[in-house]
Amino acid sequence: MMNELQQKSIRSRALIIMLFSGMIIFSNLLGALAFAVIGNGQDYMFSIAEYQKNPGLYLFRYYYDICFIFAITGILFFTGALFLRKLQPKGRIILTIVSIVLILEIWAISFLMQYALRDNGSSKLILTIAFNGLLWSAPLIYLIRYVNSEAVIAALKK
């Protein structure tokens, strides 16, 4: 009985993860489309000195690549949740790895934005960016802990 309740709980949480990953995929693909439509899709070519002065320019130069990387991460996140919903142990492993990668992606973007704003940005904006990184990392850390808990591992073994 307890194992059956645990499996229902795992399936419900996997569904929530699937919805979240759909949001990641949709928002990044839509962001890339909007970036192209508003005219910012041209190739950003800056001199090396400009990149060294303001590394935040890389965000514009590689915006499509960043969106594509996040969309691929969302697809992998969706795949892991799908396997977890089917109560397959490889879903747990996929979700753990992709969550770690997603945390690294979030913090890489956050640090790049903070570095770009270090001279001309307000300290409140920099703190907001850091808070945003923490806000998105906390659920992913919880997810890693959850899928690697003894109860979930036992429920996946059936």
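Residues numbered from 1 in each chain as written. Predicted model: local features only at pLDDT ≥ 70, side-chain atom pairs only at ≥ 80, totals over all residues. Heavy atoms only, no water.

K.L.:
Residues and numbers for helix α7 (residues 150-157), please.
P.N.:
Residues of α7 that are buried: Val152, Ala155 and Leu156. Angular distribution of buried residues about the axis of α7 spans 100°; they occupy a single face of the element. Turned more than 90 degrees away from the buried face of α7 sit Glu150 and Lys157, all of them exposed. (Buried < 20%, exposed > 50% of the residue type's maximum accessible area, 1.4 Å probe, protein only. Helix = DSSP H or I, 4+ residues; strand = E, 2+ residues; numbered from the N terminus. Arc of directions from axis to C-beta.)

K.L.:
So what's going on with the environment of phenylalanine 83? Residues and values would help.
P.N.:
Structurally, phenylalanine 83 can be placed in helix α4 (residues 63-85). Separated by 11 residues in the primary sequence, phenylalanine 83 and isoleucine 94 have C-alpha atoms spaced 8.7 Å apart. Excluding anything up to four places from it in sequence, phenylalanine 83 contacts Gln88, Lys90, Gly91 and Ile94. (Contact = heavy atoms within 4.5 Å.)

K.L.:
Outline the nonpolar core, listing residues and values.
P.N.:
If you look at the biggest cluster of nonpolar residues, it comprises 23 residues, and the most contacted ones within it are Ile10, Phe77 and Leu84. Broken down by secondary-structure element, the contributors of at least two residues to this core are α1 (2-37), α4, α5 (89-116), α6 (123-147) and α7. Filtering out sequence-adjacent residues up to four positions away, isoleucine 10 remains in contact with Leu84, Leu87, Tyr146, Val152, Ala155 and Leu156. (Core = buried A, V, L, I, M, F, W, Y, C linked by side-chain atoms within 4.5 Å.)

Don't take any of this as a statement about function, it's just geometry.
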